[in-house]
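# Analysis of the macromolecular model
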Amino acid sequence: MQVVRISAFVVVGTLFLVALWALRRRLHARELELERKAQELAASRAAEQRLCEELAEARRAEEEARKAREEAVTASRSKSAFLANMSHELRTPLNSILGFAQLVERDPSLADRHRENLAVICKSGEHLLGLVNDILEMAKIEAGRMTLVDAEFDLHDTLSGLSEMFAVEAQKRGLTLTVEREQDVPRHVHGDEGKLRQVLINLLGNALKFTPRGSVTLRASARRATGAHDGAAAGRVRVSFEVTDTGRGMAKAELAELFEAFAQTTTGRQSREGTGLGLHISRRIVRMMGGDIRVESQVGRGTTLRFDVRLSLADAPDARAGGAARAPAALRAVGLSPGQPRYRVLVVDDRWDVRHCLLKLLDSVGVEARSATNGLGAVAQWETWAPHLVLLDLRMPLLDGYEAASRIKASARGHETVVVAMTASAFEQNRALAAEAGCDDFVSKPFRDADILGLLTKHLGARFEYEERPAEPGAAQGAPAVDLARAAAGLPAALRKDLRRAATRLDAKAVQATLDRFRPEDADLAGAVAELARGYRFDSILALSSADEEEPS
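Heads up: these notes are all about the structure in this document.

Across all of its chains, the model carries 21 salt bridges by this definition. Taking the shortest distance from any N to any O, the salt bridge between Glu242 and Arg219 comes out at 3.0 Å. Of the two residues, Glu242 is situated in strand E5 (residues 236–245) and Arg219 in strand E4 (residues 214–224); the sequence distance between them amounts to 23 residues. For Glu242, a relative accessible area of 18% gives the class buried. A relative accessible area of 33% places Arg219 in the partly exposed class. A salt bridge links Asp440 to Lys409, with the shortest nitrogen-to-oxygen separation between them at 2.8 Å. Highlighted residues: Asp440 in the loop between helix H11 (429–437) and strand E13 (441–444) and Lys409 in helix H10 (residues 401–409), separated in sequence by 31 residues. Bridged by salt links that share partners, the residues Glu180, Arg219, Glu242, Glu296 and Arg306 form one connected network.

Time to look at a nonpolar patch on the surface. Taken together, the side chains of Ile6, Phe9 and Val10 make up a nonpolar region of the molecular surface, amounting to roughly 340 Å² of accessible area. Mapped onto the fold, Phe9 is located in helix H1 (residues 2–105).

At their nearest, the axes of helix H14 (residues 493–504) and helix H15 (residues 508–518) sit 8 Å apart, and the two run at 160 degrees to each other. With respect to their mutual orientation, H14 and H15 come out roughly antiparallel. As H14 runs across H15, the sense of the crossing is left-handed. Between H14 and H15, the contacting residues are Leu495, Asp498, Leu499, Ala502 and Ala503 on the first element and Ala510, Val511, Thr514, Leu515, Arg517 and Phe518 on the second. Class assignment for the residues of the contact of H14 with H15 results in 8 nonpolar, 1 polar and 2 charged.

Let us look at helix H4 (residues 193–209). Counted at 1.5 Å a residue, the expected span for H4 with its 17 residues is 24 Å, and the 24 Å between its end C-alpha atoms agrees. In terms of residue burial, H4 counts as a mostly covered element, since 13 of its 17 residues are buried. The residue sitting at the N-terminus of H4 and contributing the capping side-chain oxygen is Asp192; that oxygen lies 3.1 Å from the backbone nitrogen of Lys195.

Examined against the element boundaries, Ala119 turns out to sit in helix H2 (residues 112–142). Owing to a relative accessible area of 40%, Ala119 belongs among the partly exposed residues under this scheme. Note: C-alpha distance between Ala119 and Glu105 (14 residues apart in sequence) is 8.7 Å.

Rules of the game
Residues numbered from 1 in each chain as written. Predicted model: local features only at pLDDT ≥ 70, side-chain atom pairs only at ≥ 80, totals over all residues. Heavy atoms only, no water. Salt bridge = Lys/Arg side-chain N within 4 Å of Asp/Glu carboxyl O. Helix = DSSP H or I, 4+ residues; strand = E, 2+ residues; numbered from the N terminus. Buried < 20%, exposed > 50% of the residue type's maximum accessible area, 1.4 Å probe, protein only. Patch = residues over 30% accessible without salt bridge, like charges linked within 9 Å, V, L, I, M, F, W, Y side chains within 5 Å. Areas by Shrake-Rupley, 256 points an atom, 1.4 Å probe, with all protein chains shown as cover. Axes fitted to C-alpha atoms, helices over the stretch in contact; angles between N-to-C directions. Parallel < 35°, antiparallel > 145°, perpendicular 65-115°, else oblique. Left-handed = near helix turned anticlockwise from the far one by under 90°. Contact = heavy atoms within 4.5 Å. Nonpolar A, V, L, I, M, F, W, Y, C, P; charged D, E, K, R; others polar. Expected span 1.5 Å × (residues − 1). Polar contact = N/O pair within 3.5 Å; in protein donor to acceptor, adjacent residues only side chain to side chain.

Structural data, given as structure tokens:
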């Protein structure tokens with residue numbers, strides 16, 4: 001019995017120990033699980049903390065981005081306002097400089113030496129205007145504001161005008177300028193004539209500038225669009241242009257950055273002319289017109305630039321707006337043709353110099369003109385005097401041009417009056433705003449005599465009598481451009497050396513002294529070189545005086 005009790009006690013004790021051991025293991029497992037959950041909770045809280053921090057950082061970044069966008073918009077508006085004001089402030093005095101120079105040039109009693117000085121003033125003013133336009137075009141590209149103005153124009157007339165424009169410059173430089181047009185090039189097309197001319201002027205100007213001797217050639221060809229593979233529907237035409245020169249050429253390393261903004265080749269930097277924006281802007285324009293510019297060049301052998309643009313064929317054979325208004329470049333209007341009414345033109349501008357210049361121009365061709373200094377005066381003059389055409393500046397005190405045009409066009413009688421907006425601002429948006437205000441046409445300052453008289457022909461049907469402009473000294477009697485280079489090459493080596501030395505020193509008196517030594521033998525050549533010296537074209541003199549050097553190969 002005693003043994004049984006001891007055995008039962010042992011069994012119970014053992015079971016109790018086993019139960020304690022099992023309970024302890026369960027408690028340990030529970031502790032481990034709790035510890036794991038505590039770690040998971042800590043990790044979750046850490047992740048939540050990181051998420052909160054990331055959300056806060058995202059909110060800060062979003063707020064900074066919003067502020068940056070607002071600052072960018074504000075900066076863009078400020079930049080646009082600055083460029084608009086700069087455009088107006090620069091173009092307005094240029095308008096006066098060029099306008100009054102043209103007025104003085106119209107004086108038939110003007111001495112030749114004064115006419116030569118005026119030519120230098122006009123050329124310098126045009127050069128400055130070109131630089132201003134390049135900077136403003138670049139700004140419009142950056143702002144995404146450059147747009148194409150689709151209108152009907154005469155492509156043949158455009159090419160002929162370019163030939164006339166650069167003929168004198170080519171002759172002065174002793175170069176042969178050729179404009180070739182294939183028979184398949186259509187005459188009347190739709191497109192942006194102004195921007196196409198801008199590209200061609202830039203390419204031709206560069207070719208003449210960097211070609212010391214030889215020739216510059218512009219070729220135009222076309223092919224009709226026949227389907228989608230041409231990137232255009234039928235009725236469209238792709239016109240190709242090629243400008244080739246025999247100039248200094250460029251190395252392959254320079255071609256890579258040729259179209260970069262503000263980039264210039266070695267030759268361009270040596271010339272110290274331009275801003276390095278011309279080709280960059282030209283490529284952007286050509287791409288907007290559905291093409292691209294390609295370049296081929298070899299050092300010492302010249303450069304060729306090619307591009308093509310898409311244009312639309314015009315239906316009417318004589319549809320070019322204002323085509324009849326363009327007079328030959330060598331002619332000057334001296335008065336209205338007989339049998340025409342007495343046209344009345346109102347000039348509205350707050351600047352005295354602009355009003356005075358336009359009044360003198362209109363009076364010189366027999367057009368009756370009056371002026372007003374602001375929009376209120378314009379409306380009053382229109383009501384009492386009933387002008388046929390109003391030249392209306394857009395930026396004026398008291399009442400601007402937009403509101404004045406709206407008031408004039410608000411009545412039935414106002415629809416019979418032609419209102420032409422004038423502005424020195426370079427932005428196309430002004431043209432659209434002027435059209436919304438009721439203006440019939442738009443002219444940018446600075447404008448030329450032909451621009452104003454062309455408006456009278458276009459809108460009023462005015463016809464003018466023309467007289468030949470006085471010939472430039474040395475131009476009428478001078479030899480053809482290719483003969484000028486040959487004549488210079490025929491000079492004695494000592495004379496060419498002295499002429500080259502004087503041109504290198506930019507010494508006009510030394511150039512004149514050298515010319516006097518061979519003037520009796522070749523008066524035409526001496527006169528042509530003297531004209532170059534008066535125009536400070538020492539680079540051209542240097543090219544002519546180096547005619548004995550071997551052509552680079």
